[in-house]
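# Close look at the chain arrangement
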Amino acid sequence: MKKQLEKIFNSAVLDIEKATSTEDIEDIKLKYLSRKGELNSIKKNLKDLSEEDKRVVGAFANDIAQKLEDSVKEKYNLIYRKELDVKLQQEKIDITLPGKFIPQGKVHPLTVTTNEIISIFQSLGFSLVQSVNSPEVETEHFNFDMLNFPPDHPAKDMQDTYYTNIAKNVVLRSQTSNAQVREMENNKPPVRVIAPGRVYRNEAVNSRKNNFFHQIEGLYVDKDITFGDLKGVLNEFIRLYFGSSRVTRFRNSFFPFTEPSAEVDVQCIICGGDGCRTCSNTGWLEILGAGMVDVNVLKNCEIDPEVYTGFAFGMGVERLTMLKYAVDDIRLFFNNDVRFLTQF
Ligand code: DAH
């Protein structure tokens, strides 16, 4: 039995010497030192020996077990340290390396401006129109007729407006004013909304004109609304959007759906009013059209003009963005050149 134990010991010592990984060590532990290992299976036979032999052989077996355990532990520590060194070497991080550049998207400048204008009007008590009341594909009925355009108005010409082949009289809306009509048809006064959106016009594209652009329409209908209210709201908008130092003027104008009508100009930010190419040497740039809602439009929407009055306005988002950030070409907004877009 002692011989058997010696044999096991020698074979275990050899295995330990040969071991090169922590897994090898685990295998050795299992093979020799575990409950079902070789040492234990020998020890089980101790009961068949005489008392004297039991003591001597038992002590020998324990001694062997202790020695093996010690050298397994020693070898394990050695291997573990080596493996750790390799791992540390492999996973070394050079913290002096520059980081990886991750390109980040930006909000489009027209969206920035639109959001700013919306929040200004919200602070003045306007709410956003429901999108169902402001469709981009529209009938002539809502885009023109209900807004008091005469049947032979030049804006209705195919030269100016995009007609679709969906059906006769279906156009890409040329103005967000269609939202006024739908809003008044679907809601009783007081109505106080803004309607931002895209509009389309059959224009030759140049630095000042694109064949689609964006407008923000406003409408306020209630009892006792006056032109003074219109001026108050628009002046406050201009002060909040451009700052109080920007000089503006109201100018008499005409629109089929407002009476009286006005246009608002701001002093040209390129030349400061002296006259340049951008402002066609006038020193002024128009930013919006406005006026008191025409009696005919109220009647078309079944609102009693004896009881209610209202004002409306429509402004160009591209124009307002160009004037705020001194952008001199409208096409820059649509070319998607990131060198331009990331500046905002
Ligand atoms: N719809 C006009 C346009 O596109 C702008 C406009 C003028 C809107 C006067 C209005 C308004 O609501 O009252 O040129």
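This section reports on the structure supplied with the text.

Looking now at the site of the ligand. Near the ligand lie 15 residues; those nearest to it are Gln175, Gln180, Arg201, Gln215 and Glu217. Side-chain polar atom of Gln180 to an oxygen atom of the ligand: 2.9 Å apart, as the coordinates give it. A distance of 2.7 Å separates an oxygen atom of the ligand from a polar side-chain atom of Arg201. Contact with the protein chains hides 90% of the accessible area of the ligand, taken as 360 Å² for the molecule alone. Per-class residue counts for the shell around the ligand are five nonpolar, eight polar and two charged.

The subject of this paragraph is the pattern of salt bridges. Close approach of charged atoms lets side chains of opposite charge pair. Summed over all chains, the structure comprises 15 salt bridges. For Lys54, the salt bridge is made with Glu51, and the minimal N-O distance between the two is 3.3 Å. Remark: Glu51 and Lys54 occur in helix α4 (residues 51-90); sequence separation between them is three residues, near one turn of the helix. The exposed category is assigned to Glu51, whose relative accessible area is 60%.

Let us now look at the packing of helix α2 (residues 22-33) against α4. It is the contact of α2 with α4, at a shortest axis distance of 9 Å, that shows an interaxial angle of 165 degrees. In terms of their interaxial angle, α2 and α4 are classed as roughly antiparallel. Two packed elements cross with a definite hand, and for α2 against α4 that hand is left-handed. Between α2, through Thr22, Ile25, Glu26, Ile28, Lys29 and Leu33, and α4, the contact on the second element is made entirely by Ala65, Leu68, Glu69, Val72, Lys75, Tyr76, Ile79, Tyr80 and Glu83. By residue class, the composition of the contact of α2 with α4 is nine nonpolar, one polar and five charged.

Our next topic: α2. What sets the pattern is the α-helix's 3.6 residues per turn: residues three or four places apart point alike. Here α2 contains 12 residues, and its C-alpha end-to-end distance of 16 Å stays within 8% of the 16 Å for a straight helix at 1.5 Å per residue. Turning to α2, its buried residues number three or more, namely Thr22, Ile25, Ile28 and Tyr32. Seen along its axis, α2 keeps its buried residues to an arc of 105 degrees; they face one direction. More than 90 degrees from the buried face of α2, the exposed residues found are Glu23, Asp27 and Leu30. Packed against the buried residues of α2 are α1 (2-18), α3 (38-43) and α4.

Time to look at the packing of aromatic side chains. Overall, the coordinates contain 19 aromatic pairs when judged by the stated rule. For the pair Tyr325 and Phe344, a centre-to-centre distance of 5.2 Å together with 85 degrees between the ring planes defines the contact as edge-to-face. Linking Tyr325 in helix α10 (residues 317-325) with Phe344 in the segment after α11 (338-341), this pair joins segments that are 19 residues apart in sequence. One aromatic cluster is present, built from ring pairs that chain together Phe121, Phe126, Tyr220, Phe237, Tyr241, Phe242, Phe311 and Phe313. When the ring centre of Tyr76 is taken as origin, the NZ or CZ atom of Lys29, which lies over that ring, is 5.9 Å away. Directly above the aromatic system of Phe142 lies the positively charged group of Arg182, at a separation of 4.0 Å from the ring centroid.

Turning our eyes to something else, we now look at the sheet that holds strand β5 (residues 212-222). Taking strand neighbours across the sheet as the criterion, the seven strands line up as β1-β4-β5-β9-β8-β7-β6 in an open arrangement whose pairing is mixed. In the strand order of this sheet, the two ends are held by β1 (127-128) and β6 (248-255), each with one partner. With five bridges connecting them, strand β8 (residues 284-293) and strand β9 (residues 309-316) associate as antiparallel partners. In the sheet register, Gly291 faces β9, and the bridge partner there is Ala312. Helix-sheet contacts for helix α8 (residues 227-242) involve β6, β7 (258-267), β8 and β9, and the interaxial angle to β8 is about 150 degrees.

The next subject is unusual backbone geometry. Here the residue pair Pro189 and Pro190 is connected by a cis peptide bond, since its omega of 5 degrees sits within 30 degrees of zero. Along the chain, the position of Pro190 falls in the loop between α7 (178-186) and β4 (191-200). A cis geometry characterises the amide bond from Glu259 onward to Pro260, with omega recorded as -5 degrees. By the element assignment, Pro260 lies in strand β7. For Ala326, which is not glycine, the phi dihedral falls at a positive 55 degrees. Here Ala326 lies in the loop between α10 and α11. Phi is positive for Asn336, close to 60 degrees, though the residue is something other than glycine. Tracing the backbone shows Asn336 in the loop between α10 and α11.

To continue, consider the environment of Leu5. Relative to the assigned elements, Leu5 resides in helix α1. The spatial distance from the C-alpha of Leu5 to the C-alpha of Lys106 is 77 Å, given a sequence separation of 101 residues. Apart from residues no more than four positions distant in its own chain, Leu5 is found in contact with Leu39, Ile42, Val57, Phe60, Ala61 and Ile64.

This paragraph deals with a positive patch on the surface. A cluster of basic side chains, namely Arg35, Lys36, Lys44 and Lys47, defines a positive patch on the protein surface. Inspection of the secondary structure assignment puts Lys44 in the loop between α3 and α4. Judged by relative accessible area, which is 56%, Lys44 ranks as exposed.

Thresholds, definitions, all that
Residues numbered from 1 in each chain as written. Predicted model: local features only at pLDDT ≥ 70, side-chain atom pairs only at ≥ 80, totals over all residues. Heavy atoms only, no water. Near = heavy atom within 4 Å. Polar contact = N/O pair within 3.5 Å; in protein donor to acceptor, adjacent residues only side chain to side chain. Areas by Shrake-Rupley, 256 points an atom, 1.4 Å probe, with all protein chains shown as cover. Nonpolar A, V, L, I, M, F, W, Y, C, P; charged D, E, K, R; others polar. Salt bridge = Lys/Arg side-chain N within 4 Å of Asp/Glu carboxyl O. Helix = DSSP H or I, 4+ residues; strand = E, 2+ residues; numbered from the N terminus. Buried < 20%, exposed > 50% of the residue type's maximum accessible area, 1.4 Å probe, protein only. Axes fitted to C-alpha atoms, helices over the stretch in contact; angles between N-to-C directions. Parallel < 35°, antiparallel > 145°, perpendicular 65-115°, else oblique. Left-handed = near helix turned anticlockwise from the far one by under 90°. Contact = heavy atoms within 4.5 Å. Expected span 1.5 Å × (residues − 1). Arc of directions from axis to C-beta. Phe/Tyr/Trp six-rings, centres within 6.5 Å; stacked < 30°, edge-to-face > 60°. Lys NZ or Arg CZ within 6 Å of the ring centre and 35° of its normal. Pairing = 2+ DSSP bridges. Patch = residues over 30% accessible without salt bridge, like charges linked within 9 Å, V, L, I, M, F, W, Y side chains within 5 Å. Lys, Arg positive; Asp, Glu negative; His and termini not counted. Charge placed at Lys NZ, Arg CZ, Asp CG, Glu CD.

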